[in-house]
Amino acid sequence: TLTKAVGLNSINDLRMTIMSWVTCARRFPVRAAMRRNFAFVSNDSAGKSVPLFPVITLDVTGTMLSYKGSVGQWYCSAAKRSGIPYVNFGDIEQGFREAYKETSEKYPCFGGSAMTSKDWWKICVRRSFELAGQAVPSDQFDRLFQRIYSLFGSPRIYEAFEDVIPFLTWAKRRGIVVGVVSNSDERYVDGVLPMLDIAPDLDFMIVSKKVGFEKPKPDIFKAAITSARQFPGLQDLRPEQVLHIGDNYIKDYCGATDFGFRGLLMDRYADFQLDDLKAKSVPVVHDFLDVVESISYAKYHNGQFVV
């Protein structure tokens, strides 16, 4: 079993061990016992051992990153600091959800080439407050928007899950190419992920703003495999050799698997209907340790994961 293979008595011991390493150092090495036992390989036509998945792509928010607090809390805080005396948290939270959906439908891919991300977000933020029943005068809105836009382009409101860096380190040591496939603007690429020290461990980043397509459309996954094929030895990479991990069933799992990738659905907060997903043979993981277990110990047979 897994725990015996790494010299531990239970899966909880393994989780506690990994978390203790994270506490000791942000970038701890994956030690020899784990390197020795976490081998997942298949054989190519020449009999050479190769990773089962030489490429792994990841969603960002909900998979690698979480918010410190909620969007509504940050919007209300920014409003107060901008001189707007009272904004109801519940109203702005709901207003944002509706405004984001409305703006995304009207201007897909954060405006694509038709507008800047900043202009897109200005429309969305203004509409969020309108839908919350809070009219903001123009002079106040400019201060409010700049505060919100700057916050969400910085690492201040995001945090990486504790298992992200260890997982990326693990993948890098096995020669696995790891990329991002995200419905987001360029600030993840240019600011957030670099400032959280995650970008150096990523080989490529595909965001919808830059490529003009959003998950679950196949074009964004095509952009990902095209980027992956630029790496040595991956010129003939096939879709089924790519594993995509994300937290949205339609956008991540269905989008990736419909294109031909393999998929794992990340359920960080244990809020999915697991019986329904199991009935559809959708493999669900709760953290990156589950990912390593799934692809390391023969839980993948006949073209699909065993759940």
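Here is a short report on the structure shown in this document. (Residues numbered from 1 in each chain as written. Predicted model: local features only at pLDDT ≥ 70, side-chain atom pairs only at ≥ 80, totals over all residues. Heavy atoms only, no water.)

### Some thoughts on the sheet that holds strand E10 (residues 284-285)
Turning to step 1, where the next piece is worked out: The strand order across the open sheet formed by 6 strands is E7-E6-E3-E8-E9-E10, and the pairing between neighbours is parallel. Where the open sheet ends on each side, the last strands, each with one partner, are strand E7 (204-207) and E10.
Turning to step 2, where the next piece is worked out: Helix H11 (residues 218-228) rests against strand E3 (55-58), strand E6 (177-182), E7 and strand E8 (242-246) of the sheet, and its axis sits at about 165° to E7.
Turning to step 3, where the next piece is worked out: Sheet strands touched by helix H12 (residues 249-259): E8 and strand E9 (262-266). Its angle to E9, the strand with the most contacts, is close to 165°. (Pairing = 2+ DSSP bridges. Helix = DSSP H or I, 4+ residues; strand = E, 2+ residues; numbered from the N terminus. Contact = heavy atoms within 4.5 Å. Axes fitted to C-alpha atoms, helices over the stretch in contact; angles between N-to-C directions.)

### Quick word on the nonpolar core
Turning to step 1, where the next piece is worked out: Core analysis: the biggest nonpolar cluster contains 61 residues, and Leu65, Tyr75, Phe129 and Ile198 have the highest contact counts within it.
Turning to step 2, where the next piece is worked out: Ranked by residues supplied to this core, first place goes to helix H7 (residues 138-152) with 7 residues.
Turning to step 3, where the next piece is worked out: Among residues more than four places away in sequence, those in contact with Phe129 are Tyr75, Ala79, Val87, Ile92, Gln134, Val136, Leu144 and Ile148. (Core = buried A, V, L, I, M, F, W, Y, C linked by side-chain atoms within 4.5 Å. Buried < 20%, exposed > 50% of the residue type's maximum accessible area, 1.4 Å probe, protein only.)

### Some words on the packing of aromatic side chains
Turning to step 1, where the next piece is worked out: The tally for this structure, following the rule as stated, stands at 22 aromatic pairs.
Turning to step 2, where the next piece is worked out: Lying across the ring of Tyr149, Arg187 places its NZ or CZ 4.2 Å from the centre.
Turning to step 3, where the next piece is worked out: Positioned over the ring face of Phe161 is Arg268, at 4.0 Å from the centre of the ring. (Phe/Tyr/Trp six-rings, centres within 6.5 Å; stacked < 30°, edge-to-face > 60°. Lys NZ or Arg CZ within 6 Å of the ring centre and 35° of its normal.)

### A word on unusual backbone geometry
Turning to step 1, where the next piece is worked out: Here the amide bond leading from Lys215 into Pro216 is cis, since omega sits at 15°, within 30 degrees of zero.
Turning to step 2, where the next piece is worked out: If you check the backbone angles, Ala270 has positive phi at about 50° while not being a glycine.
Turning to step 3, where the next piece is worked out: Within the secondary structure layout, Ala270 lies in the loop between E9 and helix H13 (274-279).
Turning to step 4, where the next piece is worked out: Take Ala270: its relative accessible area is 60%, and that puts it in the exposed class.
Turning to step 5, where the next piece is worked out: With a phi angle near 60°, Ser281 is a residue other than glycine that sits in the positive phi range.
Turning to step 6, where the next piece is worked out: Within the element layout of this structure, Ser281 appears in the loop between H13 and E10.

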